[in-house]
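Inside the fold
As a plain string of letters, each chain reads:
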Amino acid sequence: MEWLTVPFEVTFVQRALWGGALVSAICALAGTWVVLRGMAFLGDAMSHGLLPGIAVAALLGGNLMVGATVSAVVMTAGVTALGRTPRLSQDTGIGLLFVGMLSLGVIIVSRSQSFAVDLTGFLFGDVLAVRQQDLLVLAAALLAALAVSVLGHRAFLALAFDSRKAHTLGLRPRLAHAVLLGLLGLAIVASFHIVGTLLVLGLLIAPPAAALPWARSVRGVMVLAALLGTLATFGGLLLSWHLSTAAGATVAALAVSLFFVSHVLSGLRDRRTRQVHSTAPLPEVN
């Protein structure tokens with residue numbers, strides 16, 4: 001039992017667990033729509049597109065969260081604008097923004113004497129360095145994400161399954177898409193300093209994808225994804241403590257592992273269900 005509890009007797013590990021739980025809840029709200037709409041590439045592009053703003057903020061001695069937010073706004077506006085260009089596919093526009101923003105960020109960061117340190121922190125984060133004020137910021141971000149999710153749920157739902165019907169119902173699918181991009185940006189900005197941009201997709205996509213076969217509603221996917229993300233955070237911190245591995249990477253790897261376990265189990269469940277139905281006796285005909 002001590003093996004399970006000893007790491008969490010340390011204050012910074014406790015803060016890391018709370019931070020990971022808050023990030024898991026935020027990512028569950030945004031990541032569910034990412035999974036349902038097949039927007040994983042967009043999520044990856046937006047996470048890497050934060051680099052220019054973070055780099056400028058670091059060089060000027062400013063707040064990294066503010067820099068990341070500015071980059072997220074630019075990426076959201078760019079993706080929305082390019083999505084309205086009829087001769088350019090959305091994937092092409094996202095790819096161009098992805099490469100352009102990432103290249104600009106690396107150019108800016110390369111001007112700094114601490115290039116390697118800054119880029120490593122951006123890519124991989126530091127979940128064990130979560131401070132008390134970071135928890136307050138994450139709590140505020142969670143409340144904002146929850147408000148957007150509740151107010152936009154009907155529009156997001158229609159957009160995810162039938163954008164034409166969303167337009168017919170007067171739900172303004174373009175505006176809903178822009179707001180959804182903003183929710184995605186909020187989740188990434190809130191999470192990048194915890195697990196880094198390379199690993200944020202682990203909590204953004206893996207828990208909702210793992211929850212999808214077991215939940216019966218979108219809200220159910222969100223709740224279960226938040227629980228699975230918190231479980232991955234707990235298990236990742238525990239393993240990283242005892243195995244001396246990188247905490248953020250271990251959390252993300254465990255989240256992805258939960259996805260594979262979930263889909264193996266759901267596959268076995270579906271196979272057993274089919275076998276039961278195939279062996280069921282046919283009704284008697286009088």
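Rules of the game
- Residues numbered from 1 in each chain as written.
- Predicted model: local features only at pLDDT ≥ 70, side-chain atom pairs only at ≥ 80, totals over all residues.
- Heavy atoms only, no water.
- UniProt positions renumbered as here; feature names shortened; annotations may be inferred.
- Helix = DSSP H or I, 4+ residues; strand = E, 2+ residues; numbered from the N terminus.
- Salt bridge = Lys/Arg side-chain N within 4 Å of Asp/Glu carboxyl O.
- Expected span 1.5 Å × (residues − 1).
- Buried < 20%, exposed > 50% of the residue type's maximum accessible area, 1.4 Å probe, protein only.
- pLDDT = per-residue confidence, 0-100.
- Polar contact = N/O pair within 3.5 Å; in protein donor to acceptor, adjacent residues only side chain to side chain.
- Phe/Tyr/Trp six-rings, centres within 6.5 Å; stacked < 30°, edge-to-face > 60°.
- Lys NZ or Arg CZ within 6 Å of the ring centre and 35° of its normal.

As recorded in an unreviewed UniProt entry, the chain goes by Zinc ABC transporter permease AztB and comes from Streptomyces microflavus.

1. A look at the UniProt feature "transmembrane region" (unreviewed entry) in the chain
Mapped onto this numbering, the UniProt entry annotates "transmembrane region" (unreviewed entry) at residues 16–36, 48–74, 94–114, 135–156, 176–206, 218–239 and 245–265. Helix makes up 95% of residues 135–156 and strand 0%, and the two end C-alpha atoms of the span are 28 Å apart. Between the end C-alpha atoms of residues 245–265 the distance is 28 Å, and the span holds 90% helix and 0% strand.

2. Thoughts on the pattern of salt bridges
Under the definition given, this model contains 2 salt bridges. Ionic pairing is found between Arg-131 and Asp-134, a salt bridge with its closest N-O pair at 3.3 Å. Notably, a salt bridge pairs Asp-270 with Arg-269, separated by 3.3 Å at the nearest N-O pair.

3. Overview of helix α6 (residues 90–110)
For α6, with 21 residues, the first-to-last C-alpha span of 30 Å sits near the 30 Å given by 1.5 Å per residue. Every buried residue belonging to α6 is among Gly-93, Ile-94, Gly-95, Leu-97, Phe-98, Met-101, Gly-105, Ile-108 and Val-109, and all of these are buried.

4. Topic: the confidence of the model for the chain
It should be kept in mind that the predicted coordinates are not to be read in detail where pLDDT is low. With 89% of its residues at a pLDDT of at least 70, the chain reaches an overall mean of 83. For the chain, helix α7 (residues 115–124) is the element with the lowest average pLDDT, namely 60, and helix α13 (residues 218–243) is the one with the highest, namely 94.

5. Describing the side chain of Ser-191
Within the element layout of this structure, Ser-191 appears in helix α11 (residues 173–195). A polar contact is formed between the side chain of Ser-191 and the backbone oxygen of Ala-187, at a distance of 2.6 Å.

6. Side note on the packing of aromatic side chains
In total, this model carries 4 aromatic pairs according to the counting rule given. With centroids separated by 4.7 Å and ring planes inclined at 10°, the aromatic side chains of Phe-8 and Phe-234 adopt a geometry described as stacked. With Phe-8 in the loop between α1 (2–5) and α2 (11–37) and Phe-234 in helix α13, the pair connects residues that are 226 residues apart, well separated along the chain. Of the residues examined, Phe-8 reaches a relative accessible area of 12% and is grouped as buried. Here the aromatic rings of Phe-259 and Phe-260 are separated by 5.1 Å at their centres, their planes lie at 65°, and the arrangement is edge-to-face. Take Phe-259: its relative accessible area is 23%, and that puts it in the partly exposed class. We note Arg-269 situated over the ring of Trp-214; from NZ or CZ to the ring centre the distance is 4.5 Å.

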